[in-house]
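# An overview of the molecular structure
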Amino acid sequence: MSEVIEKAVEALQQRLPDGFDGTVKFVIEDEGAVMVDENGVRAGDEDAECTLTASSDTFQGIMSGDVNPTAAFMTGKLKLDGDMGMAMKLGSALS
């Protein structure tokens, strides 16, 4: 597992200590994927209700608060595949 994925898992675990009511996958380009569901946060590449794809820089910016996820989506830096409502629910849980 890459260091970027390890740090992503740690960052998401801190923000979602009780997991998430749904299944979301973060794909970090050229690094791997992180799963978020009712069991918590882990490295993995499984089927999900919603898949969010971004570069490592964009993902790190979103986690640090330097990048607005909505703006990243509108400018094409954050791609969404699947349930938009699930993505919005996750955004609320992370804020």
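Report on the accompanying structure. Here the structure is a predicted model, which means the values were calculated and not measured. (Residues numbered from 1 in each chain as written. Predicted model: local features only at pLDDT ≥ 70, side-chain atom pairs only at ≥ 80, totals over all residues. Heavy atoms only, no water.)

We now examine helix H1 (residues 3-15). The terminal C-alpha atoms of H1 lie 19 Å apart, and with 13 residues this matches the ideal 18 Å at 1.5 Å per residue to within 8%. Of the positions making up H1, those classed as buried are Val4, Ile5, Ala8, Val9 and Leu12. Viewed along the axis of H1, the buried residues span an arc of 135°, placing them on a single side of the element. Counted as exposed and oriented over 90 degrees from the buried face of H1: Glu3 and Gln14. (Helix = DSSP H or I, 4+ residues; strand = E, 2+ residues; numbered from the N terminus. Expected span 1.5 Å × (residues − 1). Buried < 20%, exposed > 50% of the residue type's maximum accessible area, 1.4 Å probe, protein only. Arc of directions from axis to C-beta.)

This next bit is on the pattern of salt bridges. Oppositely charged side chains may form a pair once their charged atoms are brought near each other. Scanning the entire structure with this criterion turns up six salt bridges. As a salt-bridge pair, Glu3 and Lys7 come within 3.2 Å of each other at their nearest N and O atoms. With Glu3 and Lys7 both in helix H1, this residue pair falls four residues apart, about one helical turn. When the shortest N-O distance is used, the salt bridge between Glu46 and Arg42 registers 2.8 Å. Taking the relative accessible area as the measure of exposure, Glu46 reaches 36% and is therefore partly exposed. By relative accessible area, which is 26% here, Arg42 ends up partly exposed. Three or more residues are tied together by salt bridges with common partners; here these are Asp37, Arg42 and Glu46. (Salt bridge = Lys/Arg side-chain N within 4 Å of Asp/Glu carboxyl O.)

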